[in-house]
Amino acid sequence: MEMKSNRKYLWLLGALAVLHAAILLAGFIAPYDEAAQNREMPFSPPMRIHFVDSAGHFHVRPFVYGWKHPQDDFTVYDVDQDQVYPLHFFVPGAPYKLANLFRTNTHFFGVDAPGSIFLFGADQFGRDVFSRTLRGGQISLLAGLLAAGLALTLGTILGGLAGYYGGWWDAILMRGAELFLALPWLYLLFAVRAFLPLQVEPKQAFLLLVAIIGLVGWARPARLIRGVVLSARERDFVRAARGFGASDLYILRRHVLPQAGGVILTQAALLVPQYVLAEITLSFLGLGVGEPVPTWGNMLASLMQVHILESYWWMIAPGVASIPFFLGYMALANALEKRARLAAT
Amino acid sequence: MSRGECAAFFMNTNETIQSTMSAGVLEARGLLKVFTTQGPFSSGKASLRAFQAVDLSLYSGRTLALVGESGSGKSTLARCLVRLEEPTAGELRIEGQDFLALTGSDLRRARKKVQLIFQEAMSALNPGFSAAEIVAEPLIVNHFSRKDARDRAATLMEMVGLPGSWAGRGAHEFSGGQKQRLALARALALNPKILILDEALSGLDLSVQAQMTNLLVDLQAEYNLAYLFISHDLNLVRALSDEVAVMKNGLIVENATTEMIFSRPQHLYTQSLVTAMHTLQEGWTQELAVLP
Amino acid sequence: MTYVTRRILHMLFLLFGVSVISFVFISLAPGNYVDEMRLNPQISSETVNALKAQYGLDRSTPVRYWQWLKSLTRGDMGYSFAYNQSATSLIWPRAVNTLLLTVSATILAWLLAIPIGIWSAERRGHFDDRIISAATGSLLAVPDLLVALALLWFAARTHILPTGGMVSLDFDSFSFTGKLKDLAAHLALPVAALALGMAPILVRHVRAAVTEVLRSPFYLAAAGHGIPRSTLLFRYALRAAANPLISLLGFSIGSLLSASMLVEVVLGWPGLGPLLLEAILARDLYVVIGAIMLSTLFLACGSFTADLLLYWQDPRIRTQ
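Calculation notes
Residues numbered from 1 in each chain as written. Chains lettered and ligands numbered in written order. Predicted model: local features only at pLDDT ≥ 70, side-chain atom pairs only at ≥ 80, totals over all residues. Heavy atoms only, no water. Axes fitted to C-alpha atoms, helices over the stretch in contact; angles between N-to-C directions. Helix = DSSP H or I, 4+ residues; strand = E, 2+ residues; numbered from the N terminus. Parallel < 35°, antiparallel > 145°, perpendicular 65-115°, else oblique. Contact = heavy atoms within 4.5 Å. Nonpolar A, V, L, I, M, F, W, Y, C, P; charged D, E, K, R; others polar. Buried area = accessible area lost by both parts, 1.4 Å probe. Salt bridge = Lys/Arg side-chain N within 4 Å of Asp/Glu carboxyl O. Polar contact = N/O pair within 3.5 Å; in protein donor to acceptor, adjacent residues only side chain to side chain. Buried < 20%, exposed > 50% of the residue type's maximum accessible area, 1.4 Å probe, protein only. Phe/Tyr/Trp six-rings, centres within 6.5 Å; stacked < 30°, edge-to-face > 60°. Lys NZ or Arg CZ within 6 Å of the ring centre and 35° of its normal. Pairing = 2+ DSSP bridges. pLDDT = per-residue confidence, 0-100. Expected span 1.5 Å × (residues − 1). Arc of directions from axis to C-beta. Core = buried A, V, L, I, M, F, W, Y, C linked by side-chain atoms within 4.5 Å.

> Teacher, can you tell me more about the packing of helix α5 (residues 87-122) of chain C against helix α11 (residues 272-282) of chain C here?
Helix-helix packing is characterised by the crossing angle of the two axes and by the distance between the axes. All names here are of chain C. Contact geometry for α5 and α11: axes closest at 8 Å, N-to-C directions at 140 degrees. As far as their axial angle goes, α11 and α5 are oblique. Between α5 and α11, the residues in contact are Leu 90, Ile 91, Arg 94, Ala 95 and Thr 98 and Leu 272, Pro 274 and Leu 275, respectively. For the contact of α5 with α11, the residue count by class is six nonpolar, one polar and one charged.

Okay, structure coming up:
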């Protein structure tokens, strides 16, 4: 039983790792730069990859067809089987920084000019949705991870101090946490966002977003950590340690925090998807990171216009792309909680 | 001569020990502990007197037992004697030094002299630690080097009858009795003068209790330790201690040699305890007699 | 102090705290509506200054807070600069719409979740249960935003339901039943979106709570007495499982309000959500605070009601 669940757990971690790797290597996997426009192909539908051509021949190297516009109408796209663009792998393309570390311009796949390959279609400026989804994922996921880190750190410190020292600190902190938890979280985010200037550069907006979400989210983890620390403090081995002269810092480090470790990890697995969702929501509503930097949130914003939603369904790609991540994190949180429960017995 | 007879030889049965012997390694006078439950935002105060007017003396190489039922304040007193809780009032001297007035590094130095062993070995040892880590912890905390601490830990384990090769095992791999030995080894790490055993043998099997009792006696003889043996088990008390103090509702109602307590208890409460013990024993022997 | 009194005081303290914090936050915001008006050359600076004086925007924050608090007791939430009307007249109808939406969605979600959860608990481990668990798990992973967009797409494609607003343009000309039907048609999408967002978690909790009860000795004894199954489930099991579920109701109101804000904006339901968003973008100070306070009030009232329900339901709390 334990072996089986261990195996499932490892598979889960592996799957999540692959997903994150894909996002980390976004620059490599995406054929185009996120800002590259193609004004001749606004709202291009997704292109299919073919192995068998119109004559029925099988090709080892996959290819895509080009588009032609009947009657010079830019809004209608027909498959043009005369334009065949084979896929090449490890092609040179627009320069980028791989994992933000070193510069290169090799992309995983691409097609020769003048062809384009839009796996997920294109938006109103002819920008490749696939590339933008991958890049957007970098921003959204990073925002979620950083904000979760911030909230957890803050929550652990404050909750830990409250639980360990008790007394007035504990009371004040817990009342404060209650106030933060008394507001619906989205309203709270809005309130804090309202306090800040509206027009900000995307980079500053990103940092602002992370700061807001993280600072607002300290309350829930703080309460949980406080509980763990409170019960750990009362354990006899903590008393014994004090009995031979251990300092508070030593006790916190050696005895209390390891007990809290399980809770912290589970909280992390729960908070990251919540905060990614928060970024998506805020950017979607125009209060987060704005154009031209893609995030999963602001890419979905255009879908509020019903005609776009109806006619250009592929624009929902960023939303759909987020689902496996949410599934993964939820499963991870479940698994972590189960392991923590088993370890406590 | 048994220990009790030795003591009786030296004193008057109707006087308490303190007045005829020299000052002990631990002297407590008039200790008082009152709990007030009043936090911010809670409704109303309530005060609870854990114990009061407690006078105790511990002597090197001798064992004082503290007897009483649960709730009589024994454990709180034990914690106060090592300053895990602060007494509300009273005087406490260890080797002549005012223990209650110490702070900081002075306190830390003085703390080494008196160590407490808890009842529940399970909760007194961090389950995530290895045996060596547990036993060596007092040394690490007091800035011994890792290597010295580990070597000393192995020695200490041998002292309490555990093989040194078990040092790497996790705490959860030890049985109840073995865990108490680890706790004992840990308590001895800093060469204390005084050991306070708070119901330390209570959770153990009879045979393990016997082994532990022998171990404690040997250690006491070898290192001239003073013991405060807190228990509600009068048989253990009789086997292990030189003097007995009886506690009821936070007050010490009688304090005399073991011999006196068991043969001629003065206080009503002590009498009832001793009678109960005898009755129980008689009942058992009667039962045993009936069995084929 | 009785339990009820303590809960009321607690609620008041919360509202007070939130009001102070939001007021301080918002008034620290760089720029307010009046300053933005200054940039408009058509409005003379005398008008701007007069407006500023009238609404005390040139006084210090504590003074403004006190004035605002005083006017609150008269039911006046301040002035909306963006819409040029009293904030109350703007906020209140929107709040009612939000209430309508959230209450309907909650009822629908619980009506769905309770039977499904009970069914799932009964058939625990069987195929049906596994399917339901998989369905709730998948639905949980889909963000509310996507659910709302998906429903919007569905409505736009099939033209069965209207895609925005609360009532049709010719609402006033309808008969009473016509009006009801129109309202319901407009309500359908937002309620569905909200309910679909809430339901999976509710189903899981109901399933967990009922499973606990189904295993308990008192239930097994009752079953042994031959009591019919429906009575067993609804009178015995549900009653016993009610405790954690009522607490869940109290806790879920916060996320319900957040979710409703998003759904309102996406699906065009005229509630507090879109109003708050516009007010923030327009820096309309009093409307922002009014909307936030009202949402907090709803949350506080909701959890207070849950507390009362718990108190009435669970005799053990009464003896505390």
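Having seen the model, we can carry on.
> Got a minute to help me understand the interface of chain B and chain A in this structure?
Where interface size is quoted, it is often the accessible area lost as the parts come together. On the side of chain A, 18 residues touch chain B, which itself brings 21 residues to the contact. Taken over both partners, the interface formed by chain B and chain A buries close to 1900 Å², and the fraction arising from carbon and sulfur atoms is 62%. A salt bridge links Glu 133 of chain B to Arg 254 of chain A, with the nearest nitrogen and oxygen atoms 3.6 Å apart. Taken together, the links from chain B to chain A amount to six residue pairs in polar contact (both at pLDDT 80 or more). At the level of elements, α3 (104-111), α4 (121-124) and α5 (131-141) of chain B are the ones that each hand at least two residues to the side of chain B that touches chain A. Looking at the side of chain B that touches chain A, the element that brings in the most residues is α5 of chain B, giving four residues. Split by residue class, the side of chain B that touches chain A holds 11 nonpolar, four polar and six charged.

> Looking at this structure, I do not really get the interface of chain C and chain A. What am I missing?
With 44 residues of chain C at the interface, the matching set in chain A holds 38 residues. With both sides pooled, the region where chain C packs onto chain A buries about 3800 Å², and carbon together with sulfur makes up 80% of that total. At the surface where chain C touches chain A, the tally comes to zero salt bridges. Our count for the contact surface shared by chain C and chain A stands at four residue pairs in polar contact (both at pLDDT 80 or more). Breaking the side of chain C that touches chain A down by element, the ones donating at least two residues are α1 (3-28), α6 (127-141), α7 (144-158), α10 (229-267), α11 and α12 (285-313) of chain C. Of all the elements, α1 of chain C adds the most residues to the side of chain C that touches chain A, at nine residues.

> What is the right way to look at the pattern of salt bridges in this model?
Side-chain pairs of opposite charge can arise where the charged atoms are in close proximity. Across all of its chains, the model carries 23 salt bridges over all chains by this definition. The shortest N-O distance in the salt bridge between Arg 239 of chain A and Asp 236 of chain A comes to 3.1 Å. Remark: Asp 236 of chain A and Arg 239 of chain A occur in helix α8 (residues 236-243); sequence separation between them is three residues, near one turn of the helix. Residue class for Arg 239 of chain A comes out buried when judged on its relative accessible area of 18%. Measuring nitrogen to oxygen at the nearest pair gives 3.1 Å for the salt bridge that ties Arg 29 of chain B to Glu 27 of chain B. The exposure class assigned to Arg 29 of chain B is partly exposed, which follows from its relative accessible area of 33%. The exposure class assigned to Glu 27 of chain B is buried, which follows from its relative accessible area of 12%. A single salt-bridge network, built from bridges that share partners, covers Asp 123, Arg 127, Arg 132 and Glu 291 of chain A.

> Looking at this structure, how should I read the packing of aromatic side chains?
The description of two aromatic rings rests on the distance between their centres and on the angle between their planes. Following the criterion strictly, the structure yields 18 aromatic pairs over all chains and no others. Each residue in the set Phe 28, Phe 89, Phe 90, Phe 108, Phe 109, Phe 120 and Phe 130 of chain A is aromatic and connected to the rest through ring pairs, giving one cluster. Taking NZ or CZ as reference, Arg 339 of chain A lies 4.1 Å from the ring centre of Tyr 9 of chain A, over its face. The side chain of Arg 169 of chain B reaches across the aromatic face of Trp 166 of chain B, ending 4.4 Å from its centre.

> Please explain helix α5 (residues 185-194) of chain A as it appears in this structure.
What sets the pattern is the α-helix's 3.6 residues per turn: residues three or four places apart point alike. Of all 10 residues making up α5 of chain A, nine are buried, and the element is well covered by its neighbours. Here α5 of chain A has its buried residues at Leu 186, Tyr 187, Leu 188, Leu 189, Phe 190, Ala 191, Val 192, Arg 193 and Ala 194 of chain A.

> Help me understand unusual backbone geometry in this model?
It is generally the case that most residues other than glycine have a negative phi and that most peptide bonds are trans. With an omega dihedral of 0 degrees, the bond running from Glu 291 of chain A to Pro 292 of chain A counts as a cis peptide bond. Relative to the helices and strands, Pro 292 of chain A is located in the loop between α9 (248-284) and α10 (296-300). For Phe 43 of chain A, which is not a glycine, the phi torsion comes out positive at approximately 50 degrees. Of note, Phe 43 of chain A is situated in the loop between α2 (26-29) and β1 (50-52). Even without being a glycine, Glu 95 of chain B presents a positive backbone phi close to 50 degrees. Position of Glu 95 of chain B relative to the elements: it lies in the loop between β4 (89-94) and β5 (97-98).

> Is there a simple way to think about the pairing of strand β3 (residues 78-98) of chain A in this case?
Consecutive residues of a regular strand have side chains that alternate between opposite faces of the sheet. All names here are of chain A. One ladder, built from six bridges, connects strand β2 (residues 58-68) with β3; its direction is antiparallel. Counted as the bridge partner of Lys 68 is Asp 78 from β3. Taken together, the eight bridges between β3 and strand β4 (residues 102-111) define a ladder with antiparallel strand orientation. Across the sheet, the residue bridging to Leu 98 is Phe 102, located in β4. Linking two consecutive strands that pair antiparallel, namely β3 and β4, is a turn of three residues; a positive phi of about 50 degrees is found at Ala 99 within it.

> Even after reading the chapter, I still don't get the confidence of the model for chain C, so can you show me in this structure?
Low pLDDT means the predicted coordinates in that region are not meant to be read closely. All names here are of chain C. In this model, chain C carries an average pLDDT of 81, and 88% of its residues clear a pLDDT of 70 or more. Put simply, helix α2 (residues 33-38) is where chain C has its lowest mean pLDDT, 60, and α5 is where it has its highest, 90. Per the prediction output, this complex has pTM 0.79; the corresponding ipTM is 0.85.

> Explain the pairing of β2 of chain A to me, please; I cannot follow it from the model alone.
Bridge count between β1 of chain A and β2 of chain A: two bridges; the pairing is antiparallel. Opposite His 50 of chain A, over in β2 of chain A, you have Phe 63 of chain A as the bridge partner.

> How do you make sense of the arrangement of the chains when you look at a structure like this?
Sorting the two pairs of chains in contact by contact count puts chains A and C at the top. Taking C-alpha atoms as the reference, chain B and chain C come no closer than 9 Å and do not contact one another.

> Please clarify how helix α8 (residues 206-223) of chain B should be interpreted in this entry.
All names here are of chain B. Its 18 residues place the ends of α8 26 Å apart at the C-alpha level, agreeing with the 26 Å of an ideal helix rising 1.5 Å per residue. The complete set of buried residues in α8 reads Val 208, Gln 209, Met 212, Thr 213, Leu 215, Leu 216, Leu 219 and Gln 220. One side of α8 holds all its buried residues, which, seen down the axis, span an arc of 165 degrees. Residues of α8 that are exposed and angled more than 90 degrees away from the buried face: Leu 206, Asp 218, Ala 221 and Glu 222. Asn 224 sits one or two residues past α8 and shows a positive phi near 55 degrees.

> Looking at this structure, how should I read the nonpolar core?
Across soluble globular proteins, nonpolar side chains have a tendency to be buried as a group. Within the largest apolar cluster, 162 residues are counted, with the highest numbers of intra-cluster contacts made by Leu 189 and Phe 190 of chain A together with Ile 91, Leu 145, Leu 272 and Leu 276 of chain C. In contact with Ile 91 of chain C, other than residues within four places in its own chain, are Met 77, Leu 272, Leu 275, Tyr 286, Val 287, Gly 290, Ala 291 and Leu 294 of chain C. Counting residues in each nonpolar core, the second largest holds 103 residues, with Ala 232 of chain A together with Leu 66, Ala 183 and Leu 204 of chain B among its members.

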